[in-house]
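# Notes for the structure review
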Amino acid sequence: MLSFNKSSEEEKNEDKIVDQIRALGLDMIYEAGSGHPGIVLGAAPILYTLYAHHLRFDPEHSDFFNRDRFVMSSGHGSALLYATLSMAGFPIALDDLKKYRQLGSITPGHPEYGVTPGVDATTGPLGQGFAMAVGMAMAEKHSESLLNKTEKDLISYRVYCLCGDGDLMEGVSYEAASLAGQYQLNNLIVLYDSNHVSLDSDTSLTFPDNIETRFTAMNWEVITTSDEVGSIDKALEKVKENTKPTLIQVKTTIGKYAKDAGKNTIHGRKLTEEDLTSIKKEMNVRDIPFTVSSEALDEFRGMIQERNQNLYQEWYEKVNRLPEEEQKILDLFLQQEKTIELTTMDYEKPEENMESLREASGKILNSYAKSSPLIIGGAADLASSTMTSLKEEKAFEKESYEGRNILFGVREFAMACIANGFALSGYRPFVSTYLSFSDYLKPALRLSCLMNLPVLYIFTHDSISVGMDGPTHQPVEQLVGLRATPNLDVFRPADTNEVIGAYKAVYQQMKPACIILGRNKVPIMEGTSVPLVAEGAYIVRQEERKLDAILIATGEEVSLGLEVVQLLAEKGYDIRLVSAPSLERYHALEKEKQEELFPVGIKKFVLEKSSSYSWYEFVHNKNYLFTNDCFGASGTKEQLDEKYGFTKEAIADQMEQLLK
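Residues numbered from 1 in each chain as written. Predicted model: local features only at pLDDT ≥ 70, side-chain atom pairs only at ≥ 80, totals over all residues. Heavy atoms only, no water.

Moving on, we get to the overall build of the protein chain. Across its full length, the protein chain carries 24 helices and 18 strands. The C-alpha radius of gyration computed for the protein chain amounts to 28 Å, which stays within 12% of the reference 26 Å derived for 660 residues, consistent with globular compactness. In the protein chain, the proportion of contacts linking residues at least 24 apart, taken out of those at least 6 apart, comes to 78%. Computing the positive centroid from 68 side-chain charges and the negative centroid from 97, the protein chain places the two 1 Å apart. (Helix = DSSP H or I, 4+ residues; strand = E, 2+ residues; numbered from the N terminus. Rg over C-alpha atoms; globule rule 2.2 N^0.38 Å. Contact = heavy atoms within 4.5 Å. Lys, Arg positive; Asp, Glu negative; His and termini not counted. Charge placed at Lys NZ, Arg CZ, Asp CG, Glu CD.)

Rendered as C-alpha cells:
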C-alpha cells in the first residue's frame, strides 16, 4: 500500500482545503435535512487530489471537448461533488449549495447531466456510472483513431470515476470492467472508495470479494493506497504510464471525524446540530454555516489555474491547424444538434415484395452509418440475428480502436451503459438485442431518457410470432413498459417503408428512441408511408363510402389488419385502417389532427400482439382489443396465431359481432 506521512506545511494546507470541502458538504446536507454525510467525510481527499493535481479541465468552459471526464458513480455523494466543483471554480455559488436537493436548484439530490456545471453524467443507480465511464473511455479511443492524424494528441483526455462498495456489488460494473480489460483502456482510472460499509451493514456480511484478485484477473492494474492526499496523488501520477485500465483502491473511513465513523449508521443519517459542531471542531473548521476560507479557496483555485491555464486556448490552436477534412469530422462532435441526413440509400427492394423487418433495418442502418462517422454500436452477442452489423466496418478492438462494430458479448446492461458513455462523448450510438431481453438493460435506457441522450435501441423478435423459441423469447409486457418511459420515442414499424421512416425520424432528432422489429417476412404495402411515420399514426386504408369503424394496428399486424378489413369489406363493412408506428409521436400531434384520424363517435378496434395496456384510451372496452396479455408458447407462428386468436377470420368475426 502506498502511504505518506504528512510533514510539510504544504501538505497541512491541503488537509485544510479537504476539511473545508467536507464542511461545505455537511452544511448542504444539514440545510437540506437529508443526504449522505458518510461519503463526504470519507472520500473528500480523493476528489480534492483529483481536481487539484490531475484532472484537466477549465471551469469557465465546462463542456470543453478535450477535457478529462469525471464520473461520480457513487452518486449519493453529490454534496461532496458540488462542494468540490464550487470550490474549484465552476459557476456554482454558495446560494446554489444552500438549495441542495431543493426544487429547481442546480444542486439536485443526485448528480444530473445538463443541470449542474461540471457534472459529466447522471448517476445514482449504483454501478451505472462505472459502466458509463468505460463507454466514455472507449469513445475517447475511437475519437483518437478518427482525429489524431495531423495533430497527434488532439484527442487525449482521460476518464476518471469514483465508485464505492455498492457500485462493485452491482453486476453491471463487472460486465463493463471485463470489457475494459479486454480493450486495454489505459485512459480509464477508477478510484475505489474502499470503506467496507454499505447502508445496511459492514460489507463483511455481503461483499467478501478480493477486489485486487478479481480486477487483476480482468486485465486491470490495481493499486492500493491510504486516504492521505500525498498517497492518492502518488498513485494517480503512477497510473498515467499504465497500459491497462487502473483501479486505485483508496482505504477510507466512512464518516471520518463523526461519532459513528466507520459504521453503516453514518452512511445516510441525518446530522444533528451537535453532530455538525463536533465534527467541525475535530477538523478545526469555523462552525459558521457555508463559510469558506478565502485562503483555502484561493490556494485550491490557484493550483488548478496554474496547471490548466492554457489548456483551452492551446487546444483550439491545434484545432485551427487541422486540414479541412479533419476539421469537418471534429465539427460533427462539437456541434450540439447532431442530426443525420441520409446521403446514400444502399437498399434494393426485394423482387417478391416481402421482407423481414430486421433485414430491412440492417440495410438502412448500414446506409445511415455511411452518412456519419458518429454512428457506432453493436449487439449483445446477437448482431447476426438482429442484423445490426456494419458491413464495411471493422470490429472495435484493442489493436484497432477505429472499428465501429462493438462486440459487447452477452452483456445487455453494460452494453446500454456503454452506449450512454458514447453518447455523452459526442456519438450517436446504437445497441441491439431481442425485445424480451430489453428488461436486462432497462435501467440504462431510463438514464438515456433522463439525460436525453440520442441512443438508438434496436429490439427484434417482437412478439409471440417468434414462434418455436417459446415464451421465454416471446415478449408480452416489454412494449408497454417502453412506451411508459418518459422522453422515449418507440417505433414499431409495419413494413420496409415504415422502417425507413422510423430511422429517418430517429436521426432527425436528438433524443433516445427504440425501433421494434419482427423477425418474419411481411409484405411491403402500397398504403404505408415513409414521411408519415414521423407523425406517429396515419391512414393506410381509407374508407370508400361511409365510415363504419377504425382498426388501429402496429408492426407486422398492419398487414394482418389489411386482410381483416378486406374480409369485412366483402361483408359490406367499410373500415379505415390506421397504422400507429409510434404512440409518442401520435400524442404529440395537434388535437385537430388526432380527431381527423379518429373521429368522435366512431368505433375503434386495436390489433397488436402485445399487452393491452397501451390501448385503453382508444376503445370502448376490452372487447375491442385484439391484444395479448398472457405468456406465449412454443410452436409455429401459425399455431400460435390460431391459439391466441390472431387470424383474419377470428378477428373479423368478433369485429362484425360488435358492429351489428
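For the rest of this paragraph, the subject is the packing of aromatic side chains. The tally for this structure, following the rule as stated, stands at 33 aromatic pairs. Relative to tyrosine 157, the ring of phenylalanine 65 has its centre 6.4 Å away and its plane inclined at 85°; by these criteria the two rings are edge-to-face. Placement of the pair is phenylalanine 65 in the loop between helix 2 (37-53) and strand 1 (69-72) and tyrosine 157 in the loop between helix 5 (128-147) and strand 2 (159-164), with a sequence separation of 92 residues. By the burial criterion, phenylalanine 65 is buried, and tyrosine 157 matches it. Here the aromatic rings of tyrosine 174 and phenylalanine 215 are separated by 5.7 Å at their centres, their planes lie at 50°, and the arrangement is tilted. A residue pair is termed long-range when its members are at least 10 positions apart, and tyrosine 174 in helix 7 (residues 171-182) and phenylalanine 215 in helix 8 (residues 211-217) qualify at 41 residues. (Phe/Tyr/Trp six-rings, centres within 6.5 Å; stacked < 30°, edge-to-face > 60°. Buried < 20%, exposed > 50% of the residue type's maximum accessible area, 1.4 Å probe, protein only.)

Our next topic: the pattern of salt bridges. For the coordinates displayed, the defined rule picks out 37 salt bridges. Between glutamate 392 and lysine 370 there is a salt bridge; the shortest N-O distance is 3.2 Å. Of this pair, glutamate 392 sits in the loop between helix 15 (383-386) and strand 8 (405-407) while lysine 370 sits in helix 14 (residues 357-371), and the two are 22 residues apart along the sequence. Relative accessible area serves as the criterion here: at 63%, glutamate 392 is assigned to the exposed category. Overall, the relative accessible area of 43% leaves lysine 370 in the partly exposed class. Arginine 492 serves as the salt-bridge partner of glutamate 557, at 2.6 Å between the closest nitrogen and oxygen. Note that glutamate 557 is positioned in helix 20 (residues 557-569) and arginine 492 in the loop between strand 11 (489-491) and helix 19 (496-507), a separation of 65 residues in sequence. Summarising the burial analysis for this pair, glutamate 557 and arginine 492 share the class buried. Linked through salt bridges whose partners overlap, the residues forming this network are Asp462, Arg483, Arg492, Glu557 and Glu608. (Salt bridge = Lys/Arg side-chain N within 4 Å of Asp/Glu carboxyl O.)

With that settled, consider the sheet that holds strand 17 (residues 603-607). The mixed open sheet is built from five strands, whose spatial order is 14-16-15-17-18. Unpaired on one side and paired on the other, strand 14 (538-541) and strand 18 (625-626) mark the two borders of the sheet. Here strand 17 pairs with strand 18 via two bridges, running parallel. In the strand pairing of strand 18, valine 606 is matched with leucine 625. Docked against the sheet, helix 24 (residues 648-659) engages strand 15 (549-553), strand 16 (575-579), strand 17 and strand 18, running at close to 165° with respect to strand 17. (Pairing = 2+ DSSP bridges. Axes fitted to C-alpha atoms, helices over the stretch in contact; angles between N-to-C directions.)

As a further point, take a negative patch on the surface. Among the surface-exposed residues, Glu590, Glu592, Glu595 and Glu596 lie close enough to one another that they form a single negatively charged patch. The topology assignment puts glutamate 592 in helix 22 (residues 591-597). (Patch = residues over 30% accessible without salt bridge, like charges linked within 9 Å, V, L, I, M, F, W, Y side chains within 5 Å. Areas by Shrake-Rupley, 256 points an atom, 1.4 Å probe, with all protein chains shown as cover.)

Along an α-helix, residues three or four positions apart point the same way, because every turn accommodates 3.6 residues. Here helix 24 spans 16 Å end to end across twelve residues, near enough to the 16 Å set by a 1.5 Å rise per residue. Three or more residues of helix 24 are buried, namely Ile651, Ala652, Met655, Glu656 and Leu659. What you see down the axis of helix 24 is that its buried residues fit within an arc of 130°, all on one side. Contacts from the buried residues of helix 24 go to strand 15, helix 20, strand 16, strand 17 and strand 18. (Expected span 1.5 Å × (residues − 1). Arc of directions from axis to C-beta.)

All told, the structure shown has zero disulfides when counted by the stated rule. Of all cysteine sulfurs in the structure, the one in cysteine 163 sits closest to cysteine 161, which takes part in no disulfide; the separation is 5.6 Å. Look at cysteine 161 and you get buried, because its relative accessible area is 0%. (Disulfide = S-S within 2.5 Å.)

What follows is about unusual backbone geometry. The phi torsion of most residues other than glycine is negative, and most of the peptide bonds are trans. Non-glycine residue asparagine 353 carries a positive phi angle of around 60°. Given a relative accessible area of 26%, asparagine 353 falls into the partly exposed group. The backbone of methionine 387 sits at a positive phi, close to 60°, despite the residue not being glycine. Note on placement: methionine 387 falls in the loop between helix 15 and strand 8. Residue methionine 387 is classed as partly exposed on the basis of its relative accessible area, which comes to 25%.

This paragraph deals with the nonpolar core. Phe130, Leu188, Phe215 and Trp220 are the most contacted members of the largest nonpolar core, which has 82 residues in total. Top contributing element to this core by residue count: helix 5, with eleven residues. Each residue touching phenylalanine 215, except ones within four places of it in the same chain, is listed here: Phe130, Leu168, Tyr174, Ala177, Trp220, Val222 and Leu247. In terms of nonpolar packing, the next biggest core, distinct from the first, is built from 62 residues, Met72, Met87, Ile189 and Val229 among them. (Core = buried A, V, L, I, M, F, W, Y, C linked by side-chain atoms within 4.5 Å.)

Attention now moves to the pairing of strand 2. For strand 2, the buried fraction is high: six of the six residues fall into the buried class. Burial along strand 2 is two-sided: the face carrying Val159, Cys161 and Cys163 and the face carrying Tyr160, Leu162 and Gly164 are both buried. Across four bridges, strand 1 lies against strand 2 in parallel orientation. Within strand 2, the residue paired with valine 71 across the bridge is cysteine 161. Sheet analysis places strand 2 next to strand 3 (residues 188-194), joined by six bridges and oriented parallel. Note on strand 3: the bridge partner recorded for leucine 162 is leucine 191.

Here we take up the side chain of serine 74. Following the sequence through the fold, serine 74 ends up in the loop between strand 1 and helix 3 (78-88). Judged by its relative accessible area of 2%, serine 74 is buried. When near neighbours in sequence (up to four residues on either side) are disregarded, serine 74 contacts Ile39, Leu126, Leu162, Cys163, Gly164 and Asp167.

Let's shift gears to the sheet that holds strand 10 (residues 456-460). Ordered in space as 8-7-9-10-12-11, the six strands form an open sheet in which the pairing is parallel. The two strands at the open ends of the sheet, each matched to only one other strand, are strand 8 and strand 11. Each adjacent strand pair in this sheet contributes to an overall mean axis angle of 20°, direction not counted. Bridge count between strand 10 and strand 12 (residues 513-516): four bridges; the pairing is parallel.

Let us look at the packing of helix 20 against helix 24. Contact pair helix 20 / helix 24: the axes reach a minimum separation of 9 Å and the direction vectors enclose 55°. The pairing of helix 20 with helix 24 is recorded here as oblique in orientation. Helix-helix and strand crossings are classified by hand; for helix 20 and helix 24 the assignment is right-handed. In this structure, helix 20 contributes Leu560, Glu563, Val564, Leu567 and Leu568 to the contact, and helix 24 contributes Lys648, Glu649, Ile651, Ala652, Met655 and Glu656. (Parallel < 35°, antiparallel > 145°, perpendicular 65-115°, else oblique. Left-handed = near helix turned anticlockwise from the far one by under 90°.)

These figures capture arrangement, not role.
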